[in-house]
Amino acid sequence: RIIALPMPSNPSVTVMTLVGGGLLHETIKTNGISHFLEHMSFKGTHRRPSSKIISHEFAAIGAENNAFTSKEKTGYWAKARAKHFDHILDIVADLYQHPLLPEEEVKKERGVILQEINMYEDLPRRKVQQMLNGILYKGQAAGRTILGLKENILRFKRADFVTYRDTHYIGSKTAVIVAGGISAQEIFKKTARAFADTQKGKALAAPHTKEKQKTPAYIYKHKKVDQTHFVFGFRGYSMKDKRQAAFNLLATILGGESSSRLFHLLREEMGVCYYVGARCEVASDTGVLKIFSGVATDRFLEVIDAVLKEVRTLREDLVLPQELSKAKEILIGGIVMGLESSDDVADWYSDEVFHQPFKTPDMIIKEIRAVTPRDIRTVAQDIFKNAKLNFAYIGPRDATKQLKKIARI
């Protein structure tokens, strides 16, 4: 599919191509291949036989480019002045459709990815998030890491990438989004021509992620660090759920920014942390509200108790109209200001790769405006339950025994 998003007054243009292939499409033996292939796609094509040529060609026109892998999709994009549309379209289409995947580069890139894995292992603020996913979706693809298992990275060969590409990099699972100062007519005509070599095939659906939990779940990792980093995960709603607006507003009220309840409580009143936040993470069939921070270890249990008191308050009491109004303005302001550039606009519509119906910014804003204090409490009462509570933490001291006594709704 081709999605044209003309922005007549915008001087830039972004070309983003997406494939419906990511972590959820992997088995335990292929875990990490989606991300590894993303790296390998920049290692040269027949027309541009090295990564150096590709990077220099982007740089020569002042273009930005990158790629990403998530649970359900992989994306490749480039952004440049609108006058360079033809050029970046040609490069992105080339590396997406015609990667060489040279065996010698596979060997080199292994080292890069292994170091990427090591880097995130050394970052407790990032590692604790993966630990949480592991207990939320234990034994399922969604509970694994996008970077993959080290033993898989060491084992993958060129033939593995070819097999994966032939399965997933096909027209029915591909969406090309072009946003910026280009007319729709020009976008459709030129993009169809540029992506004419995209393979055909039958799309394979990702396995459904199952939500199964009856009691609170906890996981701890010992690490000699100066803080204890933690994250709560409360099972919530998928991207298709009609309660998404209230779900996101609840997270915003709790820890969406510097005037949120938890920021004020933990940082301004208690002085126990530098960072604290709450956010919703959603996929096509799952959703979770995360509350996270890194705090002074000697006050860790005190912090957990304080956080849960705020959670209970949201279950019991209606938020004041002015607090809800503020949260709505934060979300709406983020949407509007987050769509000023062509790459942000392209990314907004990237879920079309799942054949999801379009939701324009105006449609989302309308849903946000309609949420009431009672809607917030209803969602809080639904997700803030012991049977939906998951908790991961990293620090120098194991406090799981005491934690289980207080970490209850």
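The rules behind each value
Residues numbered from 1 in each chain as written. Predicted model: local features only at pLDDT ≥ 70, side-chain atom pairs only at ≥ 80, totals over all residues. Heavy atoms only, no water. Pairing = 2+ DSSP bridges. Helix = DSSP H or I, 4+ residues; strand = E, 2+ residues; numbered from the N terminus. Axes fitted to C-alpha atoms, helices over the stretch in contact; angles between N-to-C directions. Contact = heavy atoms within 4.5 Å. Parallel < 35°, antiparallel > 145°, perpendicular 65-115°, else oblique. Left-handed = near helix turned anticlockwise from the far one by under 90°. Nonpolar A, V, L, I, M, F, W, Y, C, P; charged D, E, K, R; others polar. Buried < 20%, exposed > 50% of the residue type's maximum accessible area, 1.4 Å probe, protein only. Arc of directions from axis to C-beta. Expected span 1.5 Å × (residues − 1). Lys, Arg positive; Asp, Glu negative; His and termini not counted. Salt bridge = Lys/Arg side-chain N within 4 Å of Asp/Glu carboxyl O. Polar contact = N/O pair within 3.5 Å; in protein donor to acceptor, adjacent residues only side chain to side chain. Core = buried A, V, L, I, M, F, W, Y, C linked by side-chain atoms within 4.5 Å.

## Examining the sheet that holds strand β8 (residues 273-282)
Next, step 1: Judged by pairing direction, the sheet is mixed, and its five strands sit side by side in the order β6-β10-β7-β9-β8 without closing on themselves. The open sheet has two free edges, formed respectively by β6 (217-222) and β8, since each of these has just one partner strand. Taking the axes of each pair of neighbouring strands and ignoring which way they run, one obtains an average angle of 10° across the sheet.
Next, step 2: Summarising the sheet, strand β7 (residues 227-235) and strand β10 (residues 389-395) pair through six bridges and their orientation is antiparallel. Bridging from a neighbouring strand, F232 pairs with F391 of β10.
Next, step 3: Along the sheet, helix α10 (residues 261-269) contacts β8 and β9 (287-296); its crossing angle with β8, the most-contacted strand, is approximately 155°.
Next, step 4: Across the face of the sheet, helix α11 (residues 300-316) comes into contact with β7, β9 and β10 while running at roughly 25° to β7.

## Focus on the packing of helix α1 (residues 33-40) against helix α4 (residues 103-121)
Packed helices, taken two at a time, are described by their axes: the angle between them and the distance between them.
Next, step 1: As a packed pair, α1 and α4 sit with axes 10 Å apart at the nearest point and diverge in direction by 120°. The angle between α1 and α4 places the two elements in the oblique class. Considering the relative orientation of α1 and α4, their crossing is right-handed. Each of H35, F36, H39 and M40 in α1 lies in contact with α4, whose residues at this interface are E105, V106, E109, R110, V112, I113 and E116.
Next, step 2: A breakdown of the residues in the contact of α1 with α4 according to their chemical character gives five nonpolar, two polar and four charged.

## Quick look at helix α14 (residues 361-370)
Next, step 1: Three or more residues of α14 are buried, namely P361, I365 and I368. Across the axial projection of α14, the buried residues extend over an arc of 60°, all falling on one side. Of the exposed residues in α14, those oriented more than 90 degrees away from the buried face are D362, K366 and A370.
Next, step 2: For α14, the elements touching its buried residues are α9 (244-255), α12 (321-337) and α13 (342-348).

## Thoughts on the sheet that holds strand β2 (residues 12-19)
Next, step 1: One open sheet holds the five strands; their spatial order is β1-β5-β2-β4-β3, and the pairing between them is mixed. The open sheet has two free edges, formed respectively by β1 (2-6) and β3 (64-69), since each of these has just one partner strand. Shown here is a sheet whose adjacent strand axes are inclined to one another by a mean of 10°, direction ignored.
Next, step 2: Taken together, the eight bridges between β2 and strand β4 (residues 74-81) define a ladder with antiparallel strand orientation. Directly across from V13, in β4, lies its bridge partner A80.
Next, step 3: Packed on one face of the sheet, helix α8 (residues 184-194) meets β1 and β5 (174-180) and runs near 150° to β1.

## Quick look at the pairing of β9
Every other side chain in a regular strand lies on the same face of the sheet, so the side chains alternate between the two faces.
Next, step 1: In terms of residue burial, β9 counts as a mostly covered element, since nine of its ten residues are buried.
Next, step 2: Here β7 runs beside β9; their pairing, made up of nine bridges, is antiparallel. The residue bridging R235 from the neighbouring strand is V288, located in β9.
Next, step 3: Relative to β9, β8 runs antiparallel, the two sharing eight bridges. Of the residues in β9, the one forming a bridge with A278 is I291.
Next, step 4: From the end of β8 to the start of β9, which pair antiparallel, there are four residues.

## Remarks on α9
Next, step 1: Taking 1.5 Å as the rise per residue, α9 with twelve residues should run 16 Å; its terminal C-alpha atoms sit 17 Å apart, in good agreement.
Next, step 2: With eleven of twelve residues buried, α9 lies mostly within the body of the structure.
Next, step 3: Taken together, the buried positions of α9 are occupied by Q244, A245, A246, F247, L249, L250, A251, T252, I253, L254 and G255.

## Observations concerning the side chain of E72
Next, step 1: Its place among the elements puts E72 in the loop between β3 and β4.
Next, step 2: Put simply, E72 is tucked away with no salt bridge, and the nearest opposite charge, on K71, sits 7.7 Å away.
Next, step 3: A distance of 2.4 Å separates the side chain of E72 from the side chain of S284, its partner in a polar contact.
Next, step 4: Look past the residues within four positions of E72 in its chain and what remains in contact with it is V19, G20, G21, G22, L24, H25, M239, A283, S284 and F354.

## As for the pattern of salt bridges
Should the charged atoms of two oppositely charged side chains come close, the side chains can pair.
Next, step 1: Under the defined criterion, the tally for this structure stands at 25 salt bridges.
Next, step 2: D90 is the partner of R48 in a salt bridge, and the nearest nitrogen-oxygen pair spans 2.6 Å. With R48 in the loop between α1 and α2 (51-60) and D90 in helix α3 (residues 85-97), this residue pair connects regions lying 42 residues apart in the sequence.
Next, step 3: Residue class for R48 comes out buried when judged on its relative accessible area of 5%.

## A few points about the nonpolar core
Next, step 1: If you look at the biggest cluster of nonpolar residues, it comprises 67 residues, and the most contacted ones within it are F230, F232, L289, I291 and F391.
Next, step 2: In this structure F232 touches L132, L289, K290, I291, I304, V307, L308, L389, N390 and F391, once residues within four positions along its chain are discounted.
Next, step 3: Within the second largest apolar cluster, 42 residues are counted, among which are V19, A82, F85 and Y96.

## Some words on the environment of G62
Next, step 1: Along the polypeptide, G62 turns up in the loop between α2 and β3.
Next, step 2: The exposure class assigned to G62 is exposed, which follows from its relative accessible area of 59%.
Next, step 3: Each C-alpha atom, one on G62 and one on R81, is 8.0 Å from the other, the two residues being 19 residues apart in sequence.

## Here we look at unusual backbone geometry
Next, step 1: The phi angle at L101 is positive, at roughly 50°, despite the residue not being glycine.
Next, step 2: Tracing the sequence through the fold places L101 in the loop between α3 and α4.

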